[in-house]
Amino acid sequence: MVKQNQVCSLTVEEWVHKMMATDVELDEDFESQLSLSERPPLCRPVYSKKGLEHKADLQRHFFSVPLEHLQYTPEPLWKELSSQHEGLEELINEELRPFSRGILILSRSWAVDLNLQEKQEVICDALLIAQDSPPILYTILEKQDAGARGYSTLTAFTLKQKLVNMGGYTGKVCVLTKFLYLSPESATESLGGAGYQVDYPESYCLAGTQQMEVLLQSLVIVLLAFRSFLNDQLGCEILNLLTAEQYEIFSKNLHNTRELFIHGLPGSGKTIIAMKIMEKIRNIFHCDAYNILYICENEPLKNFINKRVCQAVTRKTFMKNNFEEIQHIIIDEAQNFRSENGNWYWKAKAITQREQDCPGILWIFLDYFQTSHLDSSGLPPLLAQYPREKLTRVVRNADPIANYLKETMQEVRKNPPPNVPAESLEMLSNAEWAQGVSGNFEFEIDLTLKEIVTQVVEKCHMLFRNGYSPKDIAILLSTASEVEFYENLILNEIRRKASQVNGKRVLYSQIMFDSVRRFSGLERNIVFGINPRVADPAVFPNLLLCLASRARKHLYIYSQNF
């Protein structure tokens with residue numbers, strides 16, 4: 001440990017304190033969903049941003065435990081399955097007759113929900129969380145199937161494992177399995193062999209509301225957790241939770257929602273859902289990464305996407321190649337696409353509809369507020385963008401940045417660019433903003449070149465002293481020539497001011513320098529915007545919005561006096 005520029009040994013007390021301490025930024029901006037001291041040994045930390053739903057709120061929203069009866073959820077899926085499969089309602093009602101209180105959670109495939117592959121012969125799975133009973137996973141089939149037992153056993157084992165190692169459940173837990181068959185012949189043949197055979201001790205039964213809710217809160221983490229974008233910065237593995245709005249879209253039945261347009265406000269989680277949907281596609285349709293294509297406008301966002309899940313290309317590359325093996329396509333930041341190289345939308349639609357009997361998935365994510373050009377985007381007219389979902393809860397930005405975003409979005413809404421349908425901006429009326437995260441926002445104009453460089457360098461060193469690293473910082477400009485000019489100027493000045501910070505050499509080259517347009521879809525804790533400008537004033541508020549929404553915690557915009 002370095003104290004007053006000297007290397008010192010840690011005392012036992014100091015070492016224990018540092019090992020048990022949490023990251024300052026996590027404490028300030030996020031709420032832990034699990035007890036750091038009582039969680040199981042293999043369980044990773046789980047955080048949600050301040051101002052968003054806690055796991056208990058999400059549990060009550062999705063899996064509320066009824067007071068006196070047995071509840072089937074989600075109700076729309078239950079009604080759909082009952083109408084599609086004659087005898088299903090009677091079969092399940094009869095099976096659950098011994099249980100008086102609890103919740104039956106239905107899914108097209110609990111395997112897919114747990115990131116396993118779907119079994120096509122399974123009609124649905126149903127997880128019973130009932131009083132005075134261990135959890136029971138029912139697998140419903142039309143008739144007996146040789147692979148059903150392996151499927152059900154693996155799903156139940158994975159669920160049990162994830163409830164503990166991911167959801168942080170500390171009680172005794174087992175997941176029993178049982179098969180239900182719609183065919184009377186299969187049901188008769190399976191008597192004595194379709195159910196769970198292990199007789200667990202009474203301590204594995206859920207005694208009442210509190211135990212059921214604790215288990216269901218762990219289940220919420222299992223279903224809604226995703227790998228945090230902060231992992232690379234923090235140097236450890238943590239999980240964040242989807243919001244209720246995000247999960248409603250993610251949990252859609254892909255068999256019934258082959259094409260979907262998702263309009264999302266800046267910072268509402270469009271790219272997160274896009275990445276999770278591609279994982280879900282792999283499990284439902286049993287395909288490989290080379291069968292799924294992710295398309296965006298810019299190279300940096302393309303490079304950010306996990307290549308183990310899909311192929312990732314820019315729009316221009318997409319228009320140049322055939323992609324014979326592609327079956328499913330996810331398109332992100334579509335508002336900034338252009339039709340200069342041809343009709344990308346019809347090409348994507350043609351690829352995903354090659355197999356007419358089983359068309360692929362085509363989901364398109366966009367945000368008209370962040371349109372940064374006046375050319376045709378190639379998107380179909382707004383009324384033809386159907387079915388359509390909206391993401392209106394903004395979760396990324398600290399409070400001062402969020403306040404600036406609100407003002408800028410109102411300006412865009414009042415004076416939309418001519419290529420943006422005004423009706424698409426009405427969703428701002430339903431916007432919600434996660435509150436409670438502190439940060440900084442500065443906007444200074446009429447500065448000299450020297451003043452801008454001095455401001456940026458001093459702010460960077462101040463942020464380094466506060467524990468941030470160069471990887472936390474993005475410095476965004478308007479043109480490629482400006483990027484090169486300012487990168488050399490600022491890095492040289494930073495290195496001249498100090499070659500070492502906090503006793504260790506700093507890799508200043510890890511600061512990201514890029515243009516606002518190229519950085520679309522990405523984010524950093526700290527963003528500097530230098531000389532934001534556009535060729536046409538009609539999209540200037542949109543460019544400012546695109547710039548500001550990239551910053552999580554600190555936003556500094558400096559403009560030169562030309």
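Residues numbered from 1 in each chain as written. Predicted model: local features only at pLDDT ≥ 70, side-chain atom pairs only at ≥ 80, totals over all residues. Heavy atoms only, no water.

It is worth spelling out the side chain of Glu118 at this point. One can find Glu118 in the loop between helix H6 (110-113) and strand E7 (122-130). Here Glu118 occupies a buried position and makes no salt bridge, while the nearest side chain of opposite charge, Arg108, is found at 7.6 Å. A polar contact is formed between the side chain of Glu118 and the side chain of His255, at a distance of 3.4 Å. The residues contacting Glu118, other than those within four sequence positions of it, are Ser109, Val112, His255, Asn283, Ile284 and His286. (Helix = DSSP H or I, 4+ residues; strand = E, 2+ residues; numbered from the N terminus. Buried < 20%, exposed > 50% of the residue type's maximum accessible area, 1.4 Å probe, protein only. Lys, Arg positive; Asp, Glu negative; His and termini not counted. Salt bridge = Lys/Arg side-chain N within 4 Å of Asp/Glu carboxyl O. Polar contact = N/O pair within 3.5 Å; in protein donor to acceptor, adjacent residues only side chain to side chain. Contact = heavy atoms within 4.5 Å.)

Our next topic: the confidence of the model for the protein. Per-residue confidence for the protein gives a mean pLDDT of 91; residues scoring 70 or more make up 90%. Of the regions scoring below 50 in pLDDT, residues 19-24 engages in four contacts with residues more than four places distant in sequence or in other chains. (pLDDT = per-residue confidence, 0-100.)

Using the criterion set out here, one finds 23 salt bridges in the structure. Arg108 is paired through a salt bridge with Glu80; the nearest N and O atoms lie 2.4 Å apart. One end of the pair, Arg108, is in the loop between strand E6 (102-107) and H6; the other, Glu80, is in helix H4 (residues 75-84), and 28 residues separate them in sequence. Accessibility expressed as a relative area gives 23% for Glu80, which makes it partly exposed. For Arg393, the salt bridge is made with Glu432, and the minimal N-O distance between the two is 3.9 Å. Taken as a pair, Arg393 in strand E18 (residues 393-394) and Glu432 in strand E19 (residues 432-433) lie far apart in primary sequence, 39 residues in all. Through salt bridges with shared partners, a single network forms among Glu53, Arg393 and Glu432.

Here we come to the packing of aromatic side chains. Per the stated rule, a full pass over the model turns up 17 aromatic pairs. Aromatic pair Phe62 and Tyr247: ring centres 5.2 Å apart, planes at 80°, arrangement edge-to-face. With Phe62 in helix H3 (residues 55-62) and Tyr247 in helix H11 (residues 244-250), this pair connects stretches of sequence that are 185 residues apart. Tyr247 matches Phe62 in its accessibility class, with the two residues each being buried. With a centroid separation of 5.7 Å and 40° between ring planes, the pair formed by Phe464 and Tyr508 is classed as tilted. With Phe464 in helix H17 (residues 449-465) and Tyr508 in the loop between strand E23 (504-505) and strand E24 (512-515), this pair connects stretches of sequence that are 44 residues apart. Of the two residues examined, Phe464 and Tyr508, each falls in the buried class. Following the ring pairs from residue to residue traces out a cluster consisting of Phe261, Phe337, Trp344, Tyr345 and Trp346. For Lys280, the ring lying beneath its charged end belongs to Phe250, and the centroid distance is 5.1 Å. (Phe/Tyr/Trp six-rings, centres within 6.5 Å; stacked < 30°, edge-to-face > 60°. Lys NZ or Arg CZ within 6 Å of the ring centre and 35° of its normal.)

The next subject is the environment of Val457. For Val457, the location among the structural elements is in helix H17. Residue class for Val457 comes out buried when judged on its relative accessible area of 1%. Beyond its immediate chain neighbours, meaning those up to four positions away, Val457 contacts Ile490, Glu493, Ile494 and Lys497.

Along the chain, Thr73 connects to Pro74 via a cis peptide bond; the corresponding omega equals -5°. As for its position among the elements, Pro74 is in the loop between strand E5 (70-73) and H4. Put simply, Tyr386 and Pro387 share a cis peptide bond, and its omega is -5°. Mapped onto the fold, Pro387 is located in the loop between strand E16 (362-366) and strand E17 (388-391). Positive phi is not limited to glycine here, since Asp132 has a value of about 65°. Counting through the fold element by element, Asp132 comes out in the loop between E7 and strand E8 (136-141). Look at Asn531: it is not a glycine, yet its phi comes out positive at around 50°. Within the element layout of this structure, Asn531 appears in the loop between strand E25 (524-530) and helix H19 (540-548).

As a further point, take the pairing of E6. Here E6 lies mainly inside the structure; six of its six residues are buried. Neither face of E6 is left uncovered, since the one carrying Gly102, Leu104 and Leu106 and the one carrying Ile103, Ile105 and Ser107 both have all their residues buried. When E5 meets E6, the two strands line up parallel, connected through four bridges. Each bridged residue has a counterpart across the sheet, and for Thr73 the counterpart in E6 is Ile105. Two elements, E6 and E7, share six bridges in a ladder whose sense is antiparallel. Following the sheet pairing, Leu104 is matched in E7 by Leu128. (Pairing = 2+ DSSP bridges.)

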